[in-house]
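# Reading the structure
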Amino acid sequence: MTWLAASVLALGLAAPGQAETKKGTLFNKLDGAFTKVAQRCLGQTFSRNKLRKQKVADKDERTAIPADILGFDPIKDRLTSEVDYLDDESLDRRWGVIYSKSGAVWTATSDRLPAFWGKRQGINTVPFHDSEQLEHNCVTLVTAAGSIDANAAIFKAATTAAVTSKSATSIYVFGGHALSPYAIALGGVDYAGIALSADTPKAAYLAHLWLLYRERPALAARDLRIAAEIKAISIYTARNTQQDALMGAQASGGFGFGPVVGKLKTDLDANSRLVSASQDVETAILADPALIDLPKPDVLAGRLVQTLELRTARLDNPQTVDADPFYFRAVMPHIPAALCNRAYWAMTVEGDFSLREQRIDEDDSLEGCLFEWRLQLTGNPKIAHELRLKATSIAGTDAGAATLTVQSTAIQLADRRALLKLDGPDFARINLAATDAGTAHTQSASYRLVEKDNARLATINASASNLTVTCEGAAPFQPSIKAIDLNGMTGMRSVKLTLEYKPGSFDFVPADGRVICSVAGTFSGTREGASPGSAEIAVPPWNFSAIREAPPAPMVATLAPK
């Protein structure tokens with residue numbers, strides 16, 4: 001027995017809502033559903049005398065149920081047994097029932113989770129695992145394998161109704177185990193081919209559980225369960241659909257083709273067929289549901305951290321900032337609107353920023369929440385500032401409380417305050433002797449100094465530089481700054497940078513070889529006309545070549561002629 005099967009309640013299970021459940025035999029429910037379809041197909045020409053007699057529990061019964069449905073494995077041994085059945089979306093509602101243990105019995109509580117299957121919430125499809133999907137329409141019911149005795153005129157009328165009529169009807173019968181979307185999201189059921197809708201992924205269901213603990217904190221201390229799967233038969237009657245896709249090329253074959261039978265691997269196949277149809281849905285419950293444990297808030301928080309995200313890729317977010325306050329926004333998709341509540345989240349930031357205001361609202365485009373931070377730079381001007389946004393929620397009380405923190409990836413914002421930067425040419429090449437192990441090399445280049453917003457570079461701190469040289473096929477290394485000179489007049493100033501490379505720095509360059517290198521990094525200084533007075537200035541990455549001479553050719557002695 002699997003751990004899931006072991007959760008089926010041998011000790012008893014209190015029904016989660018008797019008002020939803022009705023009694024009846026499976027045969028009567030199926031016969032009623034197929035009779036309605038036959039009536040829609042044949043109109044005023046319908047009568048029960050046109051229905052074929054078939055064996056049902058060793059008796060001949062005139063029924064609208066086709067033979068393949070009567071012989072359907074999940075059905076054939078239960079046809080005359082009385083079962084519980086549900087109308088409309090009652091089965092979907094059962095997925096949200098929360099059970100709490102009372103003595104030896106798990107009892108349904110008054111607490112509910114919303115049941116939904118993605119954006120198609122109005123479509124009552126129920127995913128099944130290891131199930132068959134049998135499908136009929138007006139044409140299949142009048143074929144040789146159908147349930148209606150038909151002549152050519154009836155067959156022609158049924159074919160016309162199936163392809164062209166606005167009242168065309170299909171009926172789908174599913175048999176197997178209906179699966180809870182919450183159980184799939186929690187990993188409580190693991191069946192190949194079953195997946196949640198892409199527009200409502202695992203995070204959506206886990207977030208609804210978090211909302212439950214957030215709004216009902218006392219539940220965090222209790223052991224709770226929900227239904228994971230229910231053995232069931234579901235009957236879908238879909239109207240106002242064109243049937244040419246169902247019939248395919250077989251319609252021209254007259255009475256000789258049987259019903260369409262297919263293996264249902266995921267709920268998506270059924271959704272695609274039923275999405276535009278009006279439907280009647282009935283579900284027969286064949287066994288008590290199997291239950292799984294709901295995770296405690298701390299376990300749930302760990303799972304949500306892996307699935308929730310703060311998306312910051314938005315056109316209205318700035319890429320450069322200055323001393324003025326600015327807004328930065330992020331969306332947390334696939335969480336319920338009720339969680340878009342400022343009281344449920346603490347919004348913080350990491351980086352050189354002060355938090356001035358916070359706001360949370362619904363985001364319809366991604367069915368989630370829009371978080372908005374109003375920020376202001378606090379750090380010294382530099383090339384870029386790293387920003388990380390955080391949203392923290394607490395659910396439960398006392399010992400059962402847990403903290404959920406969702407954070408963005410690191411965001412780099414360029415600093416445009418009182419800008420100082422360098423523009424300049426490539427360095428000249430470095431020429432290396434064939435053997436220069438004991439030789440140091442120097443290199444100079446001049447950069448144009450760009451000064452904005454009345455800021456002026458006053459001094460340069462050469463000792464606080466952070467320059468790195470990278471060359472093809474060699475490990476990066478740091479040069480020494482021999483001199484940094486400020487030259488020129490305001491508006492036309494330049495910085496001359498002179499670097500010194502210690503002996504052996506370019507030993508990796510082969511004889512008669514050429515290697516491309518690049519130097520880049522930053523140095524610090526002080527400035528006038530802006531506050532604060534410190535500044536960090538980037539040295540743009542510029543390339544140079546290190547070229548080593550070829551070794552001299554060996555001398556060959558020649559002998560004078562005798």
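Here is a short report on the structure shown in this document.

### Some details on the packing of aromatic side chains
In this structure the tally under the stated criterion is ten aromatic pairs. With 5.5 Å between their ring centres and 90 degrees between their planes, Trp345 and Phe371 make a pair best called edge-to-face. On the criterion of sequence distance, the pair formed by Trp345 in the loop between strand E14 (326-332) and strand E15 (346-350) and Phe371 in strand E17 (residues 368-377) is long-range, its members being 26 residues apart. Judged by relative accessible area, Trp345 falls into the buried class, the value being 4%. You can call Phe371 buried: its relative accessible area is 0%. Taken together, a centroid distance of 6.1 Å and an interplanar angle of 25 degrees make the contact between Phe371 and Trp373 stacked. Judged on exposure class, the residue Phe371 and its partner Trp373 are both buried. Put simply, the rings of Phe477, Tyr501, Phe506, Phe508 and Phe544 pair up and form one aromatic cluster.

### Points about the side chain of Thr35
With respect to the helices and strands, the residue Thr35 is situated in helix H2 (residues 26-42). In this structure the side chain of Thr35 is engaged in a polar contact, spanning 3.4 Å, whose partner is the side chain of Arg48. Ignoring any residue separated from it by four or fewer positions in sequence, one finds Thr35 in contact with Phe46, Arg48 and Ala64.

### As for the nonpolar core
Within the largest apolar cluster, 57 residues are counted, with the highest numbers of intra-cluster contacts made by Trp210, Met332, Trp345 and Phe371. With nine residues, the single largest contributor to this core is helix H9 (residues 202-215). Excluding residues that lie within four positions of it along the chain, Met332 makes contacts with Leu308, Glu309, Leu310, Trp345, Gly368, Cys369, Phe371, Ala391 and Val406. Counting residues in each nonpolar core, the second largest holds 30 residues, with Phe27, Val37, Leu70 and Ile235 among its members.

### As for H2
Helix length check: H2, at 17 residues, gives a terminal C-alpha distance of 24 Å against a target of 24 Å (1.5 Å per residue), a fit within 8%. Of all 17 residues making up H2, twelve are buried, and the element is well covered by its neighbours. Within the span of H2, buried status applies to Leu26, Phe27, Lys29, Leu30, Asp31, Ala33, Phe34, Thr35, Val37, Ala38, Cys41 and Leu42.

### Quick look at the pattern of salt bridges
As enumerated under the stated definition, the model contains 18 salt bridges in all. Between Arg359 and Glu372 there is a salt bridge; the shortest N-O distance is 3.2 Å. Taken together, the positions of Arg359 in strand E16 (residues 353-363) and Glu372 in strand E17 put the pair 13 residues apart, joining distant regions of the chain. Given a relative accessible area of 8%, Glu372 falls into the buried group. Sharing partners across several salt bridges, the network here consists of Arg314, Asp316, Arg329, Arg359, Asp361 and Glu372.

### Focus on the environment of Lys452
One can find Lys452 in the loop between strand E23 (441-451) and strand E24 (456-471). Separated by 36 residues in sequence, Lys452 and Arg416 have C-alpha atoms that sit 9.2 Å apart.

### Brief notes about the sheet that holds strand E25 (residues 480-487)
Reading across the sheet, the four strands line up as E21-E23-E26-E25 and stay open at both edges, with antiparallel pairing between neighbours. Two strands close off the open sheet at either side, each with one partner strand: strand E21 (420-423) and E25. For this sheet, the mean inter-axis angle between neighbouring strands, taken without regard to orientation, is 30 degrees. Taken together, the eight bridges between E23 and strand E26 (residues 494-501) define a ladder with antiparallel strand orientation. Across the sheet, Tyr447 pairs through a bridge with Val495, a residue of E26.

### Some thoughts on helix H12 (residues 297-307)
Burial in H12 covers these residues: Pro297, Leu300, Ala301 and Leu304. One side of H12 carries all its buried residues, which in axial view fall inside an arc of 105 degrees. At its buried positions, H12 is contacted by H9, strand E18 (384-395) and strand E19 (402-407).

### Observations regarding the packing of H9 against H12
In the contact formed by H9 and H12, the axes pass within 10 Å of each other and the chain directions differ by 145 degrees. As H9 packs across H12, the resulting crossing turns out to be left-handed. Residue-level contacts link Lys202, Ala203, Leu206, Ala207, Leu209, Trp210 and Tyr213 of H9 to Pro297, Leu300, Ala301, Arg303, Leu304 and Thr307 of H12. When the residues that make up the contact of H9 with H12 are grouped by side-chain class, the tally is ten nonpolar, one polar and two charged.

### Side note on the sheet that holds E16
Strand order in the open sheet formed by three strands is E14-E17-E16, and the pairing between neighbours is antiparallel. In this open sheet, the two edge strands, each paired with only one partner strand, are E14 and E16. Neighbouring strand axes in the sheet, compared pairwise and without regard to direction, differ in orientation by 20 degrees on average. The sheet contact formed by E16 and E17 spans ten bridges and is antiparallel. Pairing of Glu357 across the sheet is with Arg374, part of E17.

### Details of the side chain of Asp111
With respect to the helices and strands, Asp111 occurs in strand E6 (residues 105-112). What Asp111 contacts, discounting residues up to four positions off in sequence, is Gly96, Val97, Ile98, Arg216 and Leu219.

### Re the state of the cysteines
Tallying each qualifying case throughout the model produces two disulfides. What pairs with Cys471 in a disulfide is Cys517, and their sulfur atoms sit 2.0 Å apart. A torsion of 115 degrees about the S-S bond marks the disulfide between Cys471 and Cys517 as right-handed. Of the two residues, Cys471 is situated in strand E24 and Cys517 in strand E27 (residues 514-528); the sequence distance between them amounts to 46 residues. Residue class for Cys471 comes out buried when judged on its relative accessible area of 8%. Of the residues examined, Cys517 reaches a relative accessible area of 1% and is grouped as buried.

Thresholds, definitions, all that
- Residue numbers run consecutively from 1 along every chain, following the written order of its sequence.
- Since the coordinates come from a predicted model, pLDDT governs what is reported: local features require at least 70, and pairs of side-chain atoms require 80 or more to be given and counted, while whole-chain, interface and lining totals use all residues.
- Hydrogens are left out, water is left out, and the side-chain values use all remaining heavy atoms of the structure.
- Working definition: rings of Phe, Tyr and Trp (its six-membered ring) pair if their centres are within 6.5 Å, and the pair is stacked with planes under 30 degrees apart, edge-to-face with planes over 60 apart, and tilted otherwise.
- The secondary structure listing takes helices from DSSP runs of H or I that are at least 4 residues long and strands from runs of E that are at least 2 residues long, numbered from the N terminus.
- Relative accessibility decides the category of a residue: with a 1.4 Å probe and only protein chains considered, values under 20% of the type maximum give buried, values over 50% give exposed, and everything between is partly exposed.
- Polar contacts, as counted here, are pairs of nitrogen or oxygen atoms within 3.5 Å of one another; within protein the pair requires one atom able to donate a hydrogen and one able to accept it, and residues that are adjacent in sequence qualify only if both atoms are side-chain atoms.
- By the convention used here, residues are in contact when the closest approach between their heavy atoms is within 4.5 Å.
- Residues belong to one nonpolar core when they are buried, are Ala, Val, Leu, Ile, Met, Phe, Trp, Tyr or Cys, and are joined through side-chain atoms within 4.5 Å.
- Multiply 1.5 Å by the residue count of a helix minus one, and that product is the helix's expected span.
- Salt bridges are counted wherever a side-chain nitrogen of Lys or Arg sits within 4 Å of a carboxyl oxygen of Asp or Glu.
- A pair of strands is labelled paired if DSSP reports no fewer than 2 bridges between them.
- Throughout, an axis means a line fitted to C-alpha atoms (over the contacting stretch in the case of helices), and angles, computed between N-to-C directions, take values from 0 to 180 degrees.
- Working note: the arc is built from the helix axis to C-beta atom directions.
- Handedness of a crossing follows from how the near helix is turned relative to the far one, being left-handed for an anticlockwise turn of less than a right angle and right-handed for a clockwise one.
- Polar here means any residue outside two lists: the nonpolar Ala, Val, Leu, Ile, Met, Phe, Trp, Tyr, Cys and Pro, and the charged Asp, Glu, Lys and Arg; Gly therefore counts as polar.
- Disulfides are defined in this document as cysteine sulfur pairs within 2.5 Å.

Limitation: the analysis is restricted to geometry and does not speak to function.
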